[in-house]
Amino acid sequence: GSCILSFDINEVTATSRHYVDRLFDPDPQKVLQGVIDMKNAVIGNNKQKANLIVLGAVPRLLYLLQQSSSGLDLRTECAVVLGSLAMGTENNIKSLVDCHIIPALLQGLLSPELIFIEACLRCLRTVFISPVTPVQLLYTDPTVIPHLMSLLSSSQKTQEYITQIFSHCCKTSDHQTVLFNHSAVQHIAPLLISPSYKVRMQALKCFSVLAYENTQVSMTLVNVLVDGEPLSQVFVRMMQRDQPVEMQLTAAKCLTFMCRAGAIQTEESCIVLKTLPCLVRMCSKDHLLEERVDGAETLAYLIEPDVELQRIASTTDHLVAMLADYFKYPSSVSAITDIKRFTIIFLFN
């Protein structure tokens, strides 16, 4: 691929060209100031971002980022600007990926400087969470995953970005296996009691994607202790009503997936008394439509093979009546058919 977007060249302003020209100044201080000015110019300005990409700023920024002679400040500012360019449109991300930004940033993670590592990780996170980035690029070089695991203990920022990268890039059973074999469970479990909500939330998301339809991971999770407490109990605490909905729902998914993978029996109290009621609660009118759909789909998945759970669910909080409310929404919601399907399960059992 090419680093250039198709773009009307007349729209490329003289200012944008000036920003790029300054990246080639022989005086390193002027280059640094140029990158800082560029950073301030692109914040929230998608047109400016696209202009700079068209004019070839990306290969130059990546070159400066990779030169040891650039100095820490310049290399860090380059990573920050690239992260900002990545926050633009999907076309921007495509251009960055085509310019081989991912291997350059992954190489940057070998630096001894934490501030630079954090800037590279933040940019990687932004690139990887875009739907246009091939997640396979995280797994191309087999040394990357173990290195990311080793960086998890460095700071709250590295924890947040790396767990977010993992949770977005774990799409297949092969990905689950690679992460599992590099001790993802042991590395990520302690993050569930991090003082940072963002870190706890991303760690929880990692466990939901690792456990999904995976018996090996799920069986391992049952035996994990976090600060002396069984992991399943940590998930139960995260489902309490005083936690943010996103956290309750993701914790319920973790337990649901562990249950469906055979690691937790359906009659265990953490399922019957905690996970099931939490998911039923997610279907209530107090929640946003997306939350209700997500809760309903997870609930359907949990009770699908188990008649007894279906019976309990159907008598909990008048669930059937609540589900009937879904039909008042426009039918464009893709989950409507699922909801109809399992409402029928309830009504006829």
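The shown structure was predicted, so the numbers you read here are calculated from the model rather than taken from an experiment.

Observations regarding the packing of aromatic side chains
- As enumerated under the stated definition, the model contains four aromatic pairs in all.
- Taken together, a centroid distance of 4.9 Å and an interplanar angle of 70° make the contact between tyrosine 212 and phenylalanine 257 edge-to-face. Pair noted here: tyrosine 212 is in the loop between helix H13 (197-211) and helix H14 (215-222) and phenylalanine 257 is in helix H16 (residues 245-260), with a separation of 45 residues, a long-range link.
- Given the relative accessible area of 36%, tyrosine 212 is considered partly exposed.
- Plain terms: the ring middles of phenylalanine 257 and tyrosine 301 are 5.8 Å apart, the flat faces sit at 75° to each other, and that makes the pair edge-to-face. Highlighted residues: phenylalanine 257 in helix H16 and tyrosine 301 in helix H18 (residues 289-303), separated in sequence by 44 residues. Side by side, phenylalanine 257 and tyrosine 301 carry an identical accessibility label, which is buried.
- One aromatic cluster is present, formed by Tyr212, Phe257 and Tyr301 through successive ring pairs.
- The residue whose ring lies beneath arginine 75 is phenylalanine 116, and the NZ or CZ to ring-centre distance is 4.6 Å.
- Sitting over the face of the ring of tyrosine 301, arginine 260 holds its NZ or CZ atom 4.2 Å from the ring centroid.

Some words on the layout of surface pockets
- In this model, the largest pocket occupies a volume close to 270 Å³.
- Lys205, Ser208, Val209, Thr250 and Lys253 are the residues nearest the centre of the largest pocket, which is lined by 14 residues in total.
- Among the elements of the structure, helix H10 (156-169), H13, H16 and H18 are those that each provide at least two residues to the lining of the largest pocket.
- Ranked by residues supplied to the lining of the largest pocket, first place goes to H16 with five residues.
- Class assignment for the residues of the lining of the largest pocket results in four nonpolar, four polar and six charged.

Some details on the packing of H10 against H13
- Taken N-terminus to C-terminus, the directions of H10 and H13 make an angle of 25°; their axes are 8 Å apart at the nearest point. Taken together, the axis directions place H10 and H13 in an arrangement best described as roughly parallel. Handedness of the H10/H13 crossing: left-handed. Of the residues in H13, those in contact with Gln156, Gln159, Glu160, Thr163, Gln164, Phe166 and Ser167 of H10 are Lys198, Val199, Gln202, Ala203, Lys205, Cys206 and Val209.
- Tallied by class, residues from the contact of H10 with H13 come to five nonpolar, six polar and three charged.

Criteria and thresholds
Residues numbered from 1 in each chain as written. Predicted model: local features only at pLDDT ≥ 70, side-chain atom pairs only at ≥ 80, totals over all residues. Heavy atoms only, no water. Phe/Tyr/Trp six-rings, centres within 6.5 Å; stacked < 30°, edge-to-face > 60°. Helix = DSSP H or I, 4+ residues; strand = E, 2+ residues; numbered from the N terminus. Buried < 20%, exposed > 50% of the residue type's maximum accessible area, 1.4 Å probe, protein only. Lys NZ or Arg CZ within 6 Å of the ring centre and 35° of its normal. 1 Å grid on protein atoms, 1.4 Å probe; cavity = no way out; pocket = protein on both sides within 12 Å on 5 of 7 lines; lining within 4 Å. Points joined across faces, edges and corners; volume = space filled by probe spheres on them. Nonpolar A, V, L, I, M, F, W, Y, C, P; charged D, E, K, R; others polar. Axes fitted to C-alpha atoms, helices over the stretch in contact; angles between N-to-C directions. Parallel < 35°, antiparallel > 145°, perpendicular 65-115°, else oblique. Left-handed = near helix turned anticlockwise from the far one by under 90°. Contact = heavy atoms within 4.5 Å.

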